[in-house]
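Take a look at the letters that make up each chain.
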Amino acid sequence: MPTFKKTFELASKIKIPAVGLGTWQSEPGQVREAVKVAIQAGYRHIDCAWAYRNEGEVGQGIKDSGIDRKELFVTSKLWNTFHSPDKVAVGLQETLDNLGLDHLDLYLMHWPVAFANQPKKGKPEIDWDLTNDPSPTWAAMEKLVEQGKTKHIGVSNFTIGRLEKLLKQAKIKPAVNQLEINLMCAQPDVVQWSRDHGILLEAYSPLGSTGAPQLTDEVVKSIASAHGATPAQVLISWQVARGIVVLPKSVTPQRIKENFESVELTADDVDRLNKRAAEFGTKRTVDPSKAWGVPDLWKDDGAAKL
Ligand SMILES: NC(=O)c1ccc[n+]([C@@H]2O[C@H](COP(=O)([O-])OP(=O)(O)OC[C@H]3O[C@@H](n4cnc5c(N)ncnc54)[C@H](OP(=O)(O)O)[C@@H]3O)[C@@H](O)[C@H]2O)c1
């Protein structure tokens, strides 16, 4: 039986399952089955995005699972080409149509970067006004909540500095911030700041992203072997122990099930993992700042203010 029943509470008091299935790089032809397997194994939270180009299949997987929509927590993300306020509802509607749903549980601004244009090859054209001040995009997202198209809205890849600016303008506080959080990018300062400000964090790339490179870490392996667990279970359970929603991706049925089995980490295990992470500092795997020509994407992480 799956043991990962844990949930966290959003500021709205609505519960969000602590572990969700990631779907980035889950190829068409694989992701439909992966979503069905996950839901049948006990997952109730699916993390999607318009930009992953697979929401149609994710929606089919949801239908195949036979689950009641009310049981699920479905997240998707507004892509950078839809930041202009008149395009925000269009972006969400495309996602809903792809997924075959009439509302989301959570809609995130995928990046704090607005594209005026995204050519098939080469650098996108940045809309600097909406990148420097995304509050008009956020106001359009707030309307989606009023219209019942999504229950919550949030952000992704926002530094503390960018969030502080947005909070000054926002009528609805972002429910979550989804960030790269893993052994090489544990971001303890951001974890503390987010806790203090009532914004729940979600950890993407919890295994180190493509190929799960962090599973071979010696500290992780030794904690896993002490518990008779796998390294993936240790890394996932560590984030839950830190109070963070975690979004492991897999299209492999056995791994999907494995990732949903929690490990009861001791305080000493958590301390060892925190110390191991401190040796790495902040080493991002997912960093489009150069490819997009946005050099200050991560500059203002706010750590200096803490
Ligand atoms: N907001 C954002 O900007 C953003 C950015 C990146 C990711 N995300 C979200 O976060 C999710 C997770 O991040 P991610 O996809 O980058 O990486 P991840 O979950 O850290 O790692 C995925 C990789 O690990 C492998 N894997 C999974 N479970 C495993 C296990 N138990 N043993 C061995 N290998 C395992 C997967 O292989 P197989 O699939 O082949 O099994 C895949 O290669 C994404 O799918 C997406 O939903 C969001």
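- Under an unreviewed UniProt entry, the name given to the chain is NADP-dependent oxidoreductase domain-containing protein, and the organism recorded is Rhodotorula graminis.

Description of the side chain of Thr95
So, step 1. On the secondary structure map, Thr95 appears in helix α3 (residues 85-99).
So, step 2. Every residue in contact with Thr95, bar those within four places of it in the chain, is listed here: Trp50, Glu55, Ser76 and Leu104.

Section: helix α2 (residues 55-65)
So, step 1. Those residues of α2 lying buried are Glu55, Glu57, Val58, Gly59, Gly61, Ile62 and Ser65.
So, step 2. Those residues of α2 that are buried lie in contact with α1 (31-41), β4 (45-47), β5 (73-78) and α3.
So, step 3. Of the residues flanking the end of α2, it is Gly66, one or two places downstream, whose phi is positive at about 75°.

Digging into unusual backbone geometry
So, step 1. You will see that Asn157, though not glycine, has its phi angle at about 65°, which is positive.
So, step 2. Along the chain, the position of Asn157 falls in the loop between β9 (150-156) and α6 (160-169).
So, step 3. Owing to a relative accessible area of 1%, Asn157 belongs among the buried residues under this scheme.

Re the packing of aromatic side chains
So, step 1. Taken as a whole, this structure holds seven aromatic pairs when the rule is applied.
So, step 2. Note on Trp79 and Phe115: the rings are 6.0 Å apart at their centroids and 90° apart in plane angle, and the pair reads as edge-to-face. On the criterion of sequence distance, the pair formed by Trp79 in the loop between β5 and α3 and Phe115 in strand β7 (residues 115-117) is long-range, its members being 36 residues apart.
So, step 3. Assessed through its relative accessible area of 9%, Trp79 is described here as buried.
So, step 4. The exposure class assigned to Phe115 is buried, which follows from its relative accessible area of 4%.
So, step 5. With centroids separated by 5.1 Å and ring planes inclined at 85°, the aromatic side chains of Trp111 and Trp292 adopt a geometry described as edge-to-face. Residue Trp111 is located in the loop between β6 (104-109) and β7, and its partner Trp292 is located in helix α12 (residues 289-292); the two are separated by 181 residues in the primary sequence.
So, step 6. Owing to a relative accessible area of 5%, Trp111 belongs among the buried residues under this scheme.
So, step 7. With a relative accessible area of 11%, Trp292 lands in the buried category.
So, step 8. Joined through ring pairs, the aromatic side chains of Trp79, Trp111, Phe115, Trp292 and Trp298 make up one cluster.
So, step 9. Here the basic side chain of Arg242 rests over the ring of Trp238, its NZ or CZ set 5.1 Å away from the ring centre.

Overview of the site of the ligand
So, step 1. Around the ligand lies a shell of 31 residues, among which Asp47, Leu207, Ser209, Ser250 and Thr252 are the nearest.
So, step 2. Here a nitrogen atom of the ligand sits 3.5 Å away from a polar atom, N or O, in the side chain of Tyr52.
So, step 3. Arg255 is positioned such that a nitrogen or oxygen atom in its side chain is 2.8 Å from an oxygen atom of the ligand.
So, step 4. Within the complex, 91% of the 910 Å² of free accessible area of the ligand lies under protein.
So, step 5. A per-element tally of the shell around the ligand places helix α10 (residues 253-259) first, with three residues.
So, step 6. Looking at the shell around the ligand residue by residue, the class counts come to twelve nonpolar, 14 polar and five charged.

A closer look at the environment of Asp102
So, step 1. Looking at the secondary structure, you find Asp102 in the loop between α3 and β6.
So, step 2. Taking the C-alpha atoms as reference points, Asp102 and Ala241, separated by 139 residues in sequence, lie 33 Å from one another.
So, step 3. A distance of 2.9 Å separates the side chain of Asp102 from the side chain of His103, its partner in a polar contact.

Observations concerning the packing of α1 against α2
So, step 1. Look at α1 against α2: their axes get within 7 Å of each other, and the N-to-C directions meet at 40°. In this view, α1 runs oblique relative to α2, as classed from their interaxial angle. Handedness of the crossing formed by α1 with α2: right-handed. Counting all contacts with α1, which are made through Val31, Arg32, Val35, Lys36, Ile39 and Gln40, the residues of α2 involved are Glu57, Val58, Gln60, Gly61, Ile62, Asp64 and Ser65.
So, step 2. The residue inventory of the contact of α1 with α2, partitioned by class, reads five nonpolar, four polar and four charged.

Describing the pairing of strand β10 (residues 176-180)
So, step 1. Of all five residues making up β10, five are buried, and the element is well covered by its neighbours.
So, step 2. Of the strand pairs in this sheet, β9 and β10 are connected by two bridges, and their pairing is parallel. Residue Ser156 lies in a different strand from β10, and its bridge partner there is Gln178.
So, step 3. Taken together, β9, α6 and β10 constitute a β-α-β crossover, and its handedness is right-handed.
So, step 4. Pairing between β10 and strand β11 (residues 200-204): five bridges, direction parallel. Bridge assignment links Val176 to a residue of β11, and that residue is Leu200.

Cut-offs applied
- Residues numbered from 1 in each chain as written.
- Predicted model: local features only at pLDDT ≥ 70, side-chain atom pairs only at ≥ 80, totals over all residues.
- Heavy atoms only, no water.
- Helix = DSSP H or I, 4+ residues; strand = E, 2+ residues; numbered from the N terminus.
- Contact = heavy atoms within 4.5 Å.
- Buried < 20%, exposed > 50% of the residue type's maximum accessible area, 1.4 Å probe, protein only.
- Phe/Tyr/Trp six-rings, centres within 6.5 Å; stacked < 30°, edge-to-face > 60°.
- Lys NZ or Arg CZ within 6 Å of the ring centre and 35° of its normal.
- Near = heavy atom within 4 Å.
- Polar contact = N/O pair within 3.5 Å; in protein donor to acceptor, adjacent residues only side chain to side chain.
- Areas by Shrake-Rupley, 256 points an atom, 1.4 Å probe, with all protein chains shown as cover.
- Nonpolar A, V, L, I, M, F, W, Y, C, P; charged D, E, K, R; others polar.
- Axes fitted to C-alpha atoms, helices over the stretch in contact; angles between N-to-C directions.
- Parallel < 35°, antiparallel > 145°, perpendicular 65-115°, else oblique.
- Left-handed = near helix turned anticlockwise from the far one by under 90°.
- Pairing = 2+ DSSP bridges.
- Right-handed = clockwise from strand over helix to strand, strands pointing away.

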